[in-house]
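Fold and geometry: a report
Here's the letter readout for the chains.
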Amino acid sequence: MKRKNWTIALVSGLLSSLLILSACAPAATPAPEVVKETVVVKETVPVEVTQEVVVTATPAPPEPVTITFWHAYNEVSPENEMLTKTLIPMFEAEHPNIKVKSLAVPYDEFRQKLLTSMAGGVAPDLIRSDIIWVPELAELGALAPLDEVMPDFETYKAKVFPGPLSTNFWNGHYYGLPLDTNTRVWYWNKEMYEAAGIAEPPKTIDDVAAQCAAIKALGEDKYVFADGGTYAWAVLPWIWSFGGDITDPEITKATGYLNGPNTVAAYEFLLEFYKDGCLSPSVLGSGVDAGTGYAQDLYANYLDGPWMYPIYEAQFPEKQLHAVLMPAGDGGSISVVGGEDIVLLQQSQHKEAAMEFIRFTLSPEYQLKMAETGQLMVLSELLESDYIQNHPYYGIFLEQLKTAKARTPHPAWTKMDEIITNAGQAILREEKSVQQALDEAAAEIDALLASQ
Amino acid sequence: MSDRIRQRLGQTLLVLVLGMGALAVALPFIYMISTSLKGQVYVFEFPPRFIPSHPTLNNFVSAWQSNNFGRYFLNSLLVALVTTVLELLLSSTVAYAFARFEFPGKSVLYYTLLATLMVPGMMLIIPQFILASRLKLLNSLTGLILVYTAGGTAFNTFLLRGFFEQLPRELEEAALIDGGNYLTVFFRILLPLSTPALATVAIFTFLGAWDEYVWALTTINEPLKRTLPIAIANFHGTHASDWGLVFAGSLIAIVPVLIVFVLLQKYFIKGLTAGAVKG
Amino acid sequence: MNSTNTRSSGRRGTIRRRGRRRRVSLTPYLFLLPGMLLFLSWTVYPLLKAFQISLYDWNPIPGLASPFVGIHNYTRAFNDPIFWLALRNTLMYTVVTVAGQMLLGLTVALLVDRVTFGRTAFRTVYYLPVVTSWVVVSILFKYLFNSSPAGLVNYLLVDVLHLLPDYVRWLSNANTSWVAIMSLGIWKGIGWNMVIFLAALQGIPTELYEVAAIDGASGWQRLWRITLPLIRPTIVFVLVMLVIGGFQAFISIYLITGGGPMQRTEVLLSYMYNQGFKYLDFGYGAALSYLLAALIFGISFTQMHFLQRRIEY
């Protein structure tokens, strides 16, 4: 009997101490700044409104302040070298009261680390966020609406390319500014083309299809085109160049767009392409990746970004990259915009200092220096600069960027991407017909958008 | 056929079969070593070669010279060693209490211990982070040490308890009757007799702390405090995986574990099984 | 497991004196304190907090509203086809890898027990996979099972051993991906099983075999009638531990297929992780973790209850 009492006492002691522990908790969490209630605005298309903005110079904070900046550059990379050895010291010299601590977080773990840190109240001040995460994080309440918090936001807004800028817009506010941009261009394998007796790279999608037979004649393991999967980043250039799309401009539904005739035509083309042996099976997952296959003369063409140039220098120094625009379809030559935005976290205790750093990253000095490491700039004024005019390979990317479109800026994008990926897989594996797969995917996305 | 010859034949057959099995088991490692000696162009060459056509030590050099690799290595070493010592101390004391004493709450506590083995740790990461944040255990190697030690307590206690219970009590009881206290019994008699089991706990703990990735990545925000698995993950790039570099880095990381394993191997195999046989 | 121990410890050497005045000594608690304190604070609070999270549509940002949803996250799982798929995959993975590891581990143990040459070397090589990290070997196996002809497995099976007529796109399809994932699971565990069974085998007195040989028993009969029954407690222990481990498989699946293609290789843990960190649905992820824990608990309990029996010889 006594023994049972002891047990009860022990267990209740444990439980009560736990309750006390969890009750004590809220006191330690730093109180975040109150988010102003955002009014739900029907239109999600950014509306350009000219305003008179008085720009007041924000004085630097008096005592020394340390701000943290997380990014996904590889720790051992020219970008990180430039950032830590050149740019941050430059900023700190100009702003003696602000110290910047940057941290390289592997891309695959970035979200997990960020979310966990936010939950623990120790989020960084600034992050270089993939553009597709911005609406999601904004919806969560993690980001500060920069157009409200930053007095001279309009000045900076006017300086950047509109496409990358639009990736920061959600629900009536801008939650960041673009930091760097990129797109996919069409790399064609000159050596393989010469061996196949074709003089010119493809200009239209029909050209690509026509060139398949000659390329395949080079060998059984050769393919005209390769990519890593059927996710949006891979298929959108095709969909858009065929004149199709995922949703309507207001992002309310996918029916009529994702399963519309042009999108269906795009997927039907890809299916035929695959069945004819022109598209590498790496699109189903695994296999030799596109970049490596190009270097080994297995793949005649592939789409990718400007980072391939430094990568080739390091890994495949013997192979030359040749780039042209995405071959045009009925919708033109349209590629997909990638890039990163710099965003300010709501939990930040040093917003003034952080915004100073944001301004710095949008200065011509910063943008030009990062451009040397493969990070394409976002400032319109630099298009005319000597650097760009004389650059060995940025020209084609800037050309492609003129027509490139961004992926749907919506918090539900991660799920939408998954639905699109699965539809593409089902189509290529011939588990569903093109129309059926796209009809079902469109319905799923409709439901997703409706529930937001 | 005489018995001797039959025995010889049998032994030869055994060695052959075991040898083939061992080869199959070692094959992935052999290929890993081979790939670490290749440049990226050869990583997907056809036909794949075990002996590289253009062997190079570049990957190892690159890996070792990459930003702070040596520092990460030392951090991991420090964390793994201290965690091991702490874990040995804490789990052996707890196991001793369960093995040699009766007390109120014994069953409840023991079953709680066991039950936590069955809960997948992944989802606990956020509550644990919140807790670690409040206890100021974030962004420090000390924090890592405490967390790793706490995480291993259940399994190691389980293991050690089984072992302790098997040890004959006569020596301990004699010492107690002679006026010794429990502390001396524990340190002077029980622990020295338990080297096999302790070696087992040591290698499991060392291995666990050395390889742990997710928690270290999530809580460490300063590059100079990072541990080795993060360095290796950095070779697995966003845009293109440098397989040779990844494997070279991983091989460098395997070396300390192998050393610890080889050193403790004798003790360790005896220990693990003793805890298990009685169940 | 426990019943035998308490009985034996009750008979000799306890500190509790039976009688009218019961004095409970503090000593065991002093020994318990440091370890248990660390352990309890680290596991119990997070477990309770995770349960709390599972009852909400939880927003990770402190201070922002998280709507209370009660058991909705739990009932949601029952209507979620991917949850059931993940559960099926987890069960299948566990059954195959546990059986594979145990059979191979036992076989190797039996062989190593008998061999006289190179025992240490064999033991070391077979144990090597056990001491390497899951992250490293998962990446390794992803590379070995590459879908192209340049993948080592493809090359060996088709061009060298001529066991298969054509190359297999291992990681492009769910079924063949499982071959890669489960081979990894079995390969990694053989050594652990071998080592445990080896010691158990060494505990069997040789006289029993000699007597049986004299009585005319064949090798097979010796195996079935003597060896296996005598190592039964070990087999049960190994089984329980491996099943718990099998249900918690995560890193290999996450790194090799990521749960794809089309989420067909999801297991409960990878699905749970994705719910939380990919889709920001933490409440649902937490609920899934509790469902999984309940499952593991139930199965382990059943195993231990039905399979535990003392063996006399």
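Quick summary incoming for the structure in this document. Computed from a predicted structure; not experimentally measured. (Residues numbered from 1 in each chain as written. Chains lettered and ligands numbered in written order. Predicted model: local features only at pLDDT ≥ 70, side-chain atom pairs only at ≥ 80, totals over all residues. Heavy atoms only, no water.)

**What about the overall build of chain A?**
Check the secondary structure of chain A and you find 19 helices and eleven strands. For chain A, contacts bridging at least 24 residues in sequence account for 75% of all contacts bridging at least 6. (Helix = DSSP H or I, 4+ residues; strand = E, 2+ residues; numbered from the N terminus. Contact = heavy atoms within 4.5 Å.)

**Thoughts on the overall build of chain C**
Counting its regular elements, chain C contains 14 helices and zero strands. Helices and strands in chain C line up, N terminus first, as α-α-α-α-α-α-α-α-α-α-α-α-α-α. Against the 2.2 N^0.38 benchmark of 20 Å for 313 residues, chain C shows a C-alpha radius of gyration of 25 Å, more extended than a compact globule. Projected onto its principal axes, the C-alpha positions of chain C cover 80 × 75 × 30 Å. A burial count over chain C gives 54% of its 313 residues as buried. Put simply, chain C shows about 14400 Å² of open surface, and 63% of that area lies on carbon and sulfur atoms. Positive and negative charge centroids in chain C, built from 26 and 11 side chains respectively, lie 17 Å apart. (Rg over C-alpha atoms; globule rule 2.2 N^0.38 Å. Buried < 20%, exposed > 50% of the residue type's maximum accessible area, 1.4 Å probe, protein only. Areas by Shrake-Rupley, 256 points an atom, 1.4 Å probe, with all protein chains shown as cover. Lys, Arg positive; Asp, Glu negative; His and termini not counted. Charge placed at Lys NZ, Arg CZ, Asp CG, Glu CD.)

**Regarding helix H6 (residues 134-144) of chain C**
The element H6 of chain C is largely enclosed, with a buried count of eight among its eleven residues. Considered for burial, the residues of H6 of chain C that qualify are Val136, Val137, Ser138, Ile139, Leu140, Phe141, Tyr143 and Leu144 of chain C.

**Details of the interface of chain B and chain C**
With 95 residues of chain B at the contact, the number on the chain C side is 93 residues. Surface buried jointly by chain B and chain C totals about 8900 Å² across both partners, of which 80% is contributed by carbon and sulfur atoms. Looking at the side of chain B facing chain C, the largest losses of area belong to Leu18, Met118 and Met123 of chain B, adding up to 9% of the total buried there. Applying the counting rule to chain B against chain C returns zero salt bridges. Linking chain B with chain C are nine residue pairs in polar contact (both at pLDDT 80 or more), by the criterion used here. (Buried area = accessible area lost by both parts, 1.4 Å probe. Salt bridge = Lys/Arg side-chain N within 4 Å of Asp/Glu carboxyl O. Polar contact = N/O pair within 3.5 Å; in protein donor to acceptor, adjacent residues only side chain to side chain.)

**Focus: the packing of aromatic side chains**
Applying the stated criterion across every chain, the model contains 65 aromatic pairs over all chains. A ring pair is formed by Phe29 of chain B and Trp187 of chain C, whose centres lie 5.4 Å apart and whose planes are at 40°; its orientation type is tilted. Taken together, the positions of Phe29 of chain B in helix H1 (residues 3-36) and Trp187 of chain C in helix H8 (residues 174-202) put the pair across two chains. Each member of the pair, Phe29 of chain B together with Trp187 of chain C, is buried. Here the aromatic rings of Tyr31 of chain B and Phe50 of chain B are separated by 5.3 Å at their centres, their planes lie at 70°, and the arrangement is edge-to-face. Of this pair, Tyr31 of chain B sits in helix H1 while Phe50 of chain B is found in the loop between H1 and helix H2 (58-65), placing the two residues 19 residues apart along the sequence. Overall, Phe50 of chain B belongs to the partly exposed group, its relative accessible area being 31%. Stacked on the ring of Tyr110 of chain B, the Lys or Arg Arg161 of chain B has its end atom at 4.3 Å from the ring centre. Against the face of Tyr284 of chain C rests Arg76 of chain C, its NZ or CZ located 3.9 Å from the ring centre. (Phe/Tyr/Trp six-rings, centres within 6.5 Å; stacked < 30°, edge-to-face > 60°. Lys NZ or Arg CZ within 6 Å of the ring centre and 35° of its normal.)

**Quick look at the state of the cysteines**
Residues and elements named next belong to chain A. Scanning all chains against the criterion turns up one disulfide over all chains. The partner cysteine of Cys212 in its disulfide is Cys278, sulfur to sulfur 2.0 Å. Handedness here is read from the sign of the S-S torsion; for Cys212 and Cys278, about -100°, the answer is left-handed. Of the two residues, Cys212 is situated in helix H9 (residues 205-216) and Cys278 in the loop between helix H11 (261-275) and helix H12 (290-295); the sequence distance between them amounts to 66 residues. Since its relative accessible area comes to 6%, Cys212 is described here as buried. On the basis of relative accessibility, which here comes to 4%, the residue Cys278 falls in the buried class. (Disulfide = S-S within 2.5 Å.)

**Remarks on the nonpolar core**
The biggest cluster of nonpolar side chains holds 332 residues, and the ones touching the most others in it are Met118, Leu177 and Phe357 of chain A together with Phe164 of chain B. Residues contacting Phe357 of chain A, with those up to four places away along its chain left out, are Ile67, Phe69, Ile88, Phe91, Val100, Leu126 and Ile342 of chain A. Listed in part, the five residues of the second largest apolar core include Val119 and Leu124 of chain B together with Leu47 and Ala293 of chain C. (Core = buried A, V, L, I, M, F, W, Y, C linked by side-chain atoms within 4.5 Å.)

**Details of the pattern of salt bridges**
Working definition: two side chains of opposite charge can pair if their charged atoms are close together. What the rule picks out here adds up to 26 salt bridges over all chains. Between Lys278 of chain C and Glu418 of chain A there is a salt bridge, with its nearest N and O atoms 3.2 Å apart. A residue pair is termed interchain when its members come from two chains, as with Lys278 of chain C in helix H13 (residues 268-278) and Glu418 of chain A in helix H18 (residues 413-428). Taken together, the salt bridges that share partners define one network made up of Lys101 of chain A together with Glu222 and Lys225 of chain B.

**Side note on unusual backbone geometry**
The omega torsion across Gly260 of chain C and Pro261 of chain C is -5°, close enough to zero to call that bond cis. Within the secondary structure, Pro261 of chain C is located in the loop between helix H12 (251-256) and H13. Phi is positive for Asn171 of chain A, which is not a glycine, with a value near 55°. Relative to the helices and strands, Asn171 of chain A is located in the loop between strand S4 (169-170) and strand S5 (173-174). Backbone geometry places Asn139 of chain B, a non-glycine residue, at a positive phi of 55°. Here Asn139 of chain B lies in the loop between helix H5 (125-134) and helix H6 (141-166).

**Considering helix H8 (residues 182-193) of chain B**
The end-to-end C-alpha distance of H8 of chain B, which contains twelve residues, comes to 15 Å, matching closely the 16 Å that a straight helix rising 1.5 Å per residue would cover. Residues of H8 of chain B that are buried make contact with helix H3 (69-100), H6, helix H7 (170-177) and helix H9 (195-211) of chain B together with helix H2 (27-54) of chain C. In this structure Asn181 of chain B caps H8 of chain B, since a side-chain oxygen of it lies 3.1 Å from the backbone nitrogen of Leu183 of chain B. (Expected span 1.5 Å × (residues − 1).)

**A look at the interface of chain A and chain B**
Counting residues at the interface gives 37 residues for chain A, matched by 38 residues for chain B. Both sides together, the interface formed by chain A and chain B hides about 3200 Å², and carbon and sulfur atoms give 60% of it. In this assembly, chain A and chain B are joined by eight residue pairs in polar contact (both at pLDDT 80 or more). For the side of chain A that touches chain B, the secondary structure elements donating two or more residues are helix H1 (2-28), strand S2 (98-104), helix H3 (107-119) and helix H13 (308-315) of chain A. Counting residues per element, the side of chain A that touches chain B draws most heavily on H1 of chain A, at eight residues. Split by residue class, the side of chain A that touches chain B holds 20 nonpolar, ten polar and seven charged. (Nonpolar A, V, L, I, M, F, W, Y, C, P; charged D, E, K, R; others polar.)

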